[in-house]
Structures are given as C-alpha cells and as structure tokens.
Amino acid sequence: MPAALAIGYVANVLFRLPLVTKQNFPTVNPDEEMYLVMARILAGRPTTEIPGNQIIPSGYSLLISPALRITQDPVYAYHLVMGINALISCLVLPAAYWALRRLRVPKPVSYATATATVLLPPVLFYSQYAMADTLLPLLVLLWLIGMHGLLSEGERGRRIRFGLLGAFAAGYSQLTHDRGGVIVALTGVVLLVALVRAWAPRIATTCALAVLAVMFFVKQLMTAWLMAKIDGARPSAVANAVFQSLENTALLRRTVMRMTGHLWYFMTSTWGLGALTLVVCVYVVFRRRFDLADRVVAFLMVALLGGIALAGAAGLPPDRRIDTIAYARYLSPLAAVYVLVAVAVLYRLRSVRKILVLGAAACGVTLTLMAVLIHMAARELHKSSFVSWGLPDVSFLSSLWKAKDNWASFHAGRTTVVALAVLTVLLLMRLLIGRRRVAIACGAVGLALTVFAGVASVAITDHVTKPWISWRYDHATGFLKTAGIRPGDRLVMDGGLQWEVRMAMSFEVLDGRVWTRNLAKDQAPPAGATVAVLPFGNKGPAQDSWPGAPSNWHVDRDLRASGYVVWRTG
C-alpha cells in the first residue's frame, strides 16, 4: 500500500501539471498577487507594493517562496508555483487514505475513495491558482485526524503525537487564511473542555494547547515582520468586517440569505454527499452510543461548516455578484473530508432501510436549502452578474457554459437536480452491488466518484480556467510586452489605470518594484521610479496625459489605442 500511495500521488501530480501548462501569470485579482508579493518578500527579494495594502496570513506564501528565489522571470516563477501547488494539493491522497483507515474502512475502498477526493473540483480547481485554498483541504484533514487520534483510546505517547498534529494543523490553517481562525477557535474550545473533563491524558492536551498558542504567536510575528517590510501595509480587516456585519441587524437578512447560498453550493458541489455527511454528523453528535472521538469530530465538522458559512456570508462585500450569494470558495476545504466520510458511512451501514432514509434526508436538506435560497434571493440573483470563476461547480452541473455574464448562466434548480441524480446513482450502486459484497460495492462507488471527479475537473479547466486566463492576458504578460516594461524597471502607475493591470504588476515586475500614485492629480512620482504609466484616451499630444510631469520625464510610448501612455525618466 505505501507503494500504491506513492504511485497514486505521482500520477495525480502528473495529471494536474498539464492542466496548468499555459498559465503564465496570476489572474485572480487581488488575491493571487497578495500571496505572491508576500512570497517575494519571504524569498528575500526587494519590497514592492502589495495590492490593497493589507497583510493577509502568509503561511501559504512561505511554502511557495522558494519558487521566487530561483528565478527573476515572472512566467517561470509562476510555473514553479503551479508545480508546488500540485505537490501540496496531491498530499490530500495519503491524508484521505489515512482518515478512512482510522474509520475502519478496508484498504481498497479507502484507496479508491482517497483517489476520488484528491480529484474533486473543489480540491483541484483552486490549486490552479496561487492561493491559500490549495493548502487548506490538506490542513483540515490533518486537523481532524489529529483531534480524532487525541480523543481515541490508546497509549499516551501516541495520543500526544496526534494532539500535536491536530494543534499544528489548526494553527497553520490560521497562518494560511482567516478561515483558520474558526478552526483555531473550535480547537481551543475542545482542548480546554478535554483538559477539564480528562477526555485525553492531560499532558497530551496541554502540549496541544501549547502548540496552538505558539502557532498563534508565530502568526502575529510574521504579520508584524511583513508590515515592517512593506510600506503602508496594514493588517487584514476581514475579521473586523465579519463582526461589524454580524452586529448590524439591518444586514441580518442578507447574512442569512448568503449563508443559505453558501451551504446550498457546498451540498451541490459535493453531489449530495456533503448533505449526507451533515445529516450523519448531526445524528452522531447527539447519540451517546458512539465513541467520544467520533462525536467530537462530528461536532467539529458541523461547527466548522456553519462557522465558515456564517463568517463568509457576513464578511463578503456587497459587489452584486451571484457568487457572493452562492459562494464556492470558502467552504471548499471541507469538500474532501465530507465526501470521504460519506463513503465511510455507506460502508458501515448494512441496513437498506437506513441507507434509503439517509439518502432521502440528504436530498431533503439540499432541496430545502435551494428553496430557501430562491425564496430569499430571487430578486438579488436576477440583478447580480455571473462570474464563471466564482461558480465553477454550478457551471459544470448545469452545463450552461455558453451563457455568459447574465442570469441565464445560473440555474439553481437544474444544478440541484443533477447533483442529487449523481447521489442517487451512487446510492443505487451501493444497494444493488452490496447486499452481500459491501466492500466491492463501496469500492465501485469510489471508482465511480474518481471518474466523475476527473471528468468534472477537466471540464471546469477547459470551460472556466482557460477562458479566464485568456481574458486576463492583456492585463498581465500582454501589458508588460506592449508597454515595454524591461527587467529592472521601477514602475509607478497612476491610480486611474485599469484595476486589473495595477493588481497584476505587483508580481509581474518581479525583478523591479511598483508603486501606485495619483500622477494625473500632480502627486509626485517616487524618487526611485524609472517608468510611469498613465491612462489616456483623449485626442491631442501624448504629453497631455501627464500635465505635471517633472522635466526629466518624457513620453516613451503612445498607446492610446490600449488606453494609456508610457513615460520614462532620463
């Protein structure tokens, strides 16, 4: 089995790499650029402007920083980041296998299901970008494995090691993204209760609490260090936005609507298996006949799902986008663990009646969420824009690839029906094959999931990722070539320049640096700047694009057809 896991890991890495071979630059603005700029600083390169002037958690940036040490070519550096992403994301395979074996699922079934989870679109899709979502599914799995091992019966040394694993994964998740704050809060509560009630050896619980505290302190140190390195930077304001929205009763309906949409999206993106696992976890929490470790981990899974959905619903801005209401990204790190637990449940259950009841309950949860979403959000959805990147799973399940940027691209009913049809097929496979051969039936379910997940991920890459990248070319590599930005240039951009261009240049000018100034409003360029770009589409001389230009600056390129003029000094 170790050899099989190694082969599966390498095969999944090789499967991912061709999907990103034509990705030469960041396209998810400003998120990717923020992680890449912090990685640049952590790699020891000179400082530059960070998009939004906010320091977000930098644990992911630390892992990709070696790519920015190797080369000064932004295209090659981004290719290396994609390679690191594949190596990180595919670790979900052995972690998922380990989790299923702890749930006493046979090796072949565990392997097939673990292969399916690493290919799930919510796991694979975000690994195609320089974003922390690459790492989070792995951290969530390791966190839950660690907490389960700490609270399970066994020798003290083994439980200490599991506690350290769970606490480190929780702490590193907060070091990776603000969503990790929910994980740390839940971990802290459970560890404190475990310490008081002696659910585990107190030395194991104390060590886990100590690691959690150290990781929290490390996060504060890294944030302070990056703030000192980047001019004008400030800490992330995401947590403040969440609490302000939750305290504002006028926004309560909006928060509930969005939370419903996020949960509905999660249930459909996991093809109903997420709803099945949710029903089981709620049941397990309130049944004393289950082991303590199972009950606590079930509680953590439900609480994390609800906590992230609530925080995301409250914290997202009012940007009139459908994917803000029914958001995919924030709950995506839970997709792998919810799917593998669902297969473990199908293996453990032997009663046909119970499987049918559970399937009906999962369908009921998903349909209820859809009905509430449509009731609460029909008006908002019709007035909102469709962004394919924010709704990849919906686009795949509804197959509305050709409709773009309008309501016709989003169909909640069609998406729900297809997702529940997949769930129904999986349940029928389990029932028809598994009357006497449960392991074979669940192995077949795992293999079917693997094939469907692989097809879904390839389809989403072809219809969402590749068009998205093609559209952004002129904002990144295309702009560098057209504007004649050379190695070592120190670029100052006017604040009126196209937003996507300004975000991309923070990384694209990898061997120089960038600033944003209101040049057209007579704000002076920084002393070290060598090239300036200002928006200009008017008639008349190109010199009119910068009326207050210092005497040592001159027009280098008149690119009014593209909407801007390039200036140089000297």
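A. View of the overall build of the chain. The helix and strand inventory of the chain stands at 23 helices and seven strands. Taken along the three principal axes of its C-alpha coordinates, the chain extends 85 × 55 × 55 Å. Within the chain, the proportion of its 570 residues that are buried is 58%. Contacts in the chain between residues far apart in sequence, at least 24 positions, make up 73% of those at least 6 positions apart. Entry remark: accessible area of the chain is about 22800 Å², with carbon and sulfur atoms responsible for 63%. Distance from the positive charge centre (55 side chains) to the negative charge centre (29 side chains) of the chain: 14 Å.

B. The arrangement of helix α6 (residues 107-119) in detail. With 13 residues, α6 extends 19 Å between its outermost C-alpha atoms, agreeing within 8% with the 18 Å of an ideal straight helix rising 1.5 Å per residue. In terms of burial, α6 is largely enclosed, as ten of its 13 residues are buried. Looking at the packing, one finds that the buried side of α6 touches α1 (2-16), α4 (74-89), α5 (92-102), α7 (121-124), α17 (335-348) and α21 (438-472).

C. Molecular detail of the packing of helix α13 (residues 252-269) against helix α15 (residues 292-315). Interhelical geometry of α13 versus α15 gives an angle of 130° and a closest axis separation of 8 Å. Here α13 lies oblique to α15, going by the angle between them. Of the two possible hands of crossing, α13 and α15 adopt the one that is right-handed. Contacts from R254, T255, R258, M259, H262, L263, F266 and M267 of α13 reach α15 at L305, G306, A309, L310, G312, A313 and A314. Counted by class, the contact of α13 with α15 contains nine nonpolar, four polar and two charged residues.

D. Geometry of unusual backbone geometry. Residue P30 is bonded to the preceding N29 through a cis peptide linkage, with omega at 0°. The backbone of R104 shows a phi angle near 60°, a positive value even though the residue is not glycine. Looking at the element boundaries, R104 is found in the loop between α5 and α6. In the Ramachandran plot, W271 falls in the positive-phi region, its phi being about 55° despite a non-glycine side chain. Along the chain, W271 turns up in the loop between α13 and α14 (273-285). Residue class for W271 comes out buried when judged on its relative accessible area of 2%.

E. Quick peek at the nonpolar core. Residues W143, W264 and L276 are the most contacted members of the largest nonpolar core, which totals 176 residues. No other element matches the 13 residues that α17 contributes to this core. Other than its neighbours up to four places away in sequence, W143 contacts G166, A169, A170, I183, L186, T187, L300 and L304. If you look at the next biggest cluster of nonpolar residues, it comprises 20 residues, including F479, L491, M505 and L559.

F. Fine view of the side chain of R472. Take R472: it is sitting in helix α21. If we skip the residues at most four places from it in the chain, R472 touches F25, T27, N29 and E500.

G. Spotlight on the pattern of salt bridges. With the rule as written, the count across this model stands at twelve salt bridges. Residue R321 is joined to D323 by a salt bridge in which the shortest nitrogen-to-oxygen separation is 2.5 Å. Several salt bridges converge on common partners, so that one network encompasses D31, D133, R179 and R329.

H. Quick peek at the sheet that holds strand β7 (residues 564-569). Spatially, the five strands line up as an open sheet ordered β4-β3-β5-β7-β6, and their pairing is mixed. Among the strands making up the open sheet, the edge pair consists of β4 (513-517) and β6 (553-559). Here the strands of the sheet are splayed against their neighbours by 25° on average, with no regard to which way each runs. The sheet contacts of helix α23 (residues 499-508) involve β3 (490-494) and β4, and relative to β3 the element is tilted by about 165°.

I. Representation of the packing of aromatic side chains in the model. Per the stated rule, a full pass over the model turns up 22 aromatic pairs. Seen in terms of ring centroids, Y327 and Y330 are 5.0 Å apart; in terms of plane orientation they differ by 85°. Their pairing is edge-to-face. In this structure, Y327 and Y330 share a single accessibility class: buried. The ring of F162 carries R102 above its face, with NZ or CZ at 4.7 Å from the centroid.

J. Expanded view of the environment of Q220. Position of Q220 among the secondary structure elements: in helix α11 (residues 202-229). Once the C-alpha coordinates of Q220 and P57 are considered, the two residues, 163 residues apart in sequence, prove to be 9.3 Å apart.

K. Quick peek at the side chain of R102. Here R102 lies in helix α5. In this structure, R102 is buried with no salt-bridge partner, the nearest side chain bearing the opposite charge being D294 at 7.5 Å. Those residues in contact with R102 that lie beyond four places of it in its chain are I145, H148, G149, S152, R158 and F162.

L. Layout of a positive patch on the surface. A grouping of R287, R289, R353 and K354 is seen on the molecular surface, where their side chains present a positively charged patch. Examined against the element boundaries, R287 turns out to sit in the loop between α14 and α15. The class for R287 is partly exposed, based on a relative accessible area of 40%.

M. Quick look at the pairing of β3. Among the five residues that make up β3, four are buried, leaving the element largely enclosed by the rest of the structure. In this region the chain leaves β3, passes through α23 and returns to the parallel neighbour β4; the handedness of that crossover is right-handed. Relative to strand β5 (residues 531-535), β3 runs parallel, the two being bridged by three bridges. Each residue of the ladder has a partner; that of M493, found in β5, is V533.

N. Geometry of a nonpolar patch on the surface. There is a patch of nonpolar side chains on the surface, built from V10, L14 and L17 and spanning about 250 Å² of accessible area. Structurally, the position occupied by V10 is in helix α1. Of the residues examined, V10 reaches a relative accessible area of 45% and is grouped as partly exposed.

Definitions and limits used
Residues numbered from 1 in each chain as written. Predicted model: local features only at pLDDT ≥ 70, side-chain atom pairs only at ≥ 80, totals over all residues. Heavy atoms only, no water. Helix = DSSP H or I, 4+ residues; strand = E, 2+ residues; numbered from the N terminus. Buried < 20%, exposed > 50% of the residue type's maximum accessible area, 1.4 Å probe, protein only. Contact = heavy atoms within 4.5 Å. Areas by Shrake-Rupley, 256 points an atom, 1.4 Å probe, with all protein chains shown as cover. Lys, Arg positive; Asp, Glu negative; His and termini not counted. Charge placed at Lys NZ, Arg CZ, Asp CG, Glu CD. Expected span 1.5 Å × (residues − 1). Axes fitted to C-alpha atoms, helices over the stretch in contact; angles between N-to-C directions. Parallel < 35°, antiparallel > 145°, perpendicular 65-115°, else oblique. Left-handed = near helix turned anticlockwise from the far one by under 90°. Nonpolar A, V, L, I, M, F, W, Y, C, P; charged D, E, K, R; others polar. Core = buried A, V, L, I, M, F, W, Y, C linked by side-chain atoms within 4.5 Å. Salt bridge = Lys/Arg side-chain N within 4 Å of Asp/Glu carboxyl O. Pairing = 2+ DSSP bridges. Phe/Tyr/Trp six-rings, centres within 6.5 Å; stacked < 30°, edge-to-face > 60°. Lys NZ or Arg CZ within 6 Å of the ring centre and 35° of its normal. Patch = residues over 30% accessible without salt bridge, like charges linked within 9 Å, V, L, I, M, F, W, Y side chains within 5 Å. Right-handed = clockwise from strand over helix to strand, strands pointing away.

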